[in-house]
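A look at the structure
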Amino acid sequence: MKCPFCHDLENKVIDSRLTQDDGVIRRRRECLHCKRRFTTYERVEEMLPMLVKKDGRREVFDRTKIIGGLKKACEKRPVSLEAIEQIANRIEQALQERGEKEVPSSVIGEAIMRELHQLDQVAYVRFASVYRSFKDAGEFMRELEELITERREGERKERPPAERGKRKP
């Protein structure tokens, strides 16, 4: 490891720890030449598949694009950056577990939609409107109506049997 200060290659590891996500090792090092300390992070290089776009182009998987799309959809919503990163982690892990060399980009789009549907329905509709390229307001309204129906059905299931026939005020 090259020292970021003097660029010497000789250093020693003072401390090693697993980070919170357990996929990265944090190492404190000391340069044997200039005696300054610095931190490095070590992670296993994961083999992620190539994404096959709708038009047939192939693209390297880019986690930052997922996070960027999620941030845009969740803008001005009560969704933490941590929640966004957890979604990106789950999607990335699911891709690795598939073990395929190529994956249609639609697999990622649908996974993001499922995650947002559970996390924040406004963010879900925002993402869906771009991802599904709604052609007109009618398509947009149909998506909203499906969400409203799902929410009502969920509320009915949560209410006790004696109250199921009654309307909420």
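Residues numbered from 1 in each chain as written. Predicted model: local features only at pLDDT ≥ 70, side-chain atom pairs only at ≥ 80, totals over all residues. Heavy atoms only, no water.

1. Side note on the overall build of the protein
Selection rule: Segments assigned H or I by DSSP are reported as helices when at least four residues long, segments assigned E as strands when at least two residues long, and all are numbered from the N terminus. Partly exposed residues are those whose accessible area sits between 20% and 50% of the maximum for their type, while under 20% is buried and over 50% is exposed, using a 1.4 Å probe and protein chains only. The criterion used for residue contact is that any of the two residues' heavy atoms lie within 4.5 Å.
Of the regular secondary structure elements, the protein holds 5 helices and 6 strands. Starting at the N terminus, the α and β elements of the protein follow one another as β-β-β-β-β-α-α-β-α-α-α. Considering the protein as a whole, with its 169 residues, one finds that 27% of them fall into the buried category. Sequence separation of 24 or more characterises 38% of the internal contacts of the protein that already satisfy a separation of 6 or more.

2. Here's the deal with a negative patch on the surface
Put simply, the rule reads: Candidates for patches are residues over 30% relative accessible area with no salt bridge; among them, like charges are joined within 9 Å and nonpolar side chains (Val, Leu, Ile, Met, Phe, Trp, Tyr) within 5 Å. Throughout, the Shrake-Rupley method with a 1.4 Å probe supplies accessible areas, and for residues the shown protein chains are the sole cover considered. A side-chain nitrogen of Lys or Arg and a carboxyl oxygen of Asp or Glu constitute a salt bridge if their distance falls within 4 Å. None of His or the chain ends enter the tally, which takes Lys and Arg as positive and Asp and Glu as negative. In this description, the location of a charge corresponds to atom NZ of lysine, CZ of arginine, CG of aspartate or CD of glutamate.
Together, E145, E146, E150 and E153 give the surface a local cluster of negative charge. Of note, E145 is situated in helix α5 (residues 137-158).

3. Overview of the nonpolar core
The criterion, for reference: We define a nonpolar core as any set of buried Ala, Val, Leu, Ile, Met, Phe, Trp, Tyr and Cys residues linked to one another through side-chain atoms lying within 4.5 Å.
With 26 residues, the main nonpolar core has I66, L70, I91, I108, I112 and L116 as its most contacted residues. Of all the secondary structure elements, the ones that give two or more residues to this core are α1 (63-73), α2 (81-98), α3 (105-119) and α4 (121-131).

4. Topic: the pairing of strand β2 (residues 24-31)
Rules: The pairing criterion for strands is at least two bridges between them, as found by DSSP.
Direction of pairing for strand β1 (residues 11-18) relative to β2: antiparallel, over a ladder of 7 bridges. Note that in β2 the partner of R17 across the bridge is R26. In terms of strand pairing, β2 meets strand β3 (residues 37-43) through 7 bridges, oriented antiparallel. Within β3, the residue paired with I25 across the bridge is E42. In this antiparallel pair of consecutive strands, β2 and β3, the connection spans 5 residues, and K35 shows a positive phi of 70°.

5. Quick look at the sheet that holds β2
In any sheet, the strands associate via hydrogen bonds between backbone groups, in a parallel or an antiparallel arrangement. Worth spelling out the cut-off: Here the axes come from fitting lines to C-alpha atoms, over the contacting stretch only for helices, and the angles between their N-to-C directions go from 0 to 180 degrees.
Here 3 strands make up an open sheet; going across it, the order is β1-β2-β3 and the pairing antiparallel. Here the strands that pair on one side only, and so sit at the sheet edges, are β1 and β3. In this sheet, adjacent strand axes meet at a mean angle of 25° when their direction is disregarded.

6. Focus: the side chain of N11
Selection criterion: We define a polar contact as two N or O atoms separated by no more than 3.5 Å, with the added condition that, inside protein, one atom must be a possible hydrogen donor and the other a possible acceptor, whereas residues neighbouring each other in sequence contribute only through side-chain atom pairs.
Structurally, N11 can be placed in strand β1. Looking at N11, its side chain comes within polar contact range of the main-chain oxygen of M1, at 2.5 Å. Here R29 takes part through its side chain, which lies 3.2 Å from a polar atom of the side chain of N11. What N11 contacts, discounting residues up to four positions off in sequence, is M1, R29, E30, C31, L32 and F38.

7. Let's talk about the sheet that holds strand β6 (residues 102-104)
Pairing is mixed across the open sheet formed by 3 strands, whose spatial order is β5-β4-β6. If you trace the sheet from one side to the other, it starts and ends with β5 (58-60) and β6, each paired once. Across the sheet, the mean angle separating the axes of adjacent strands is 35° when strand polarity is ignored. In this fold α3 packs onto β4 (50-52) and β6, with an angle of close to 55° to the strand it touches most, β6.

Interpretation in functional terms is not warranted from these geometric data alone.
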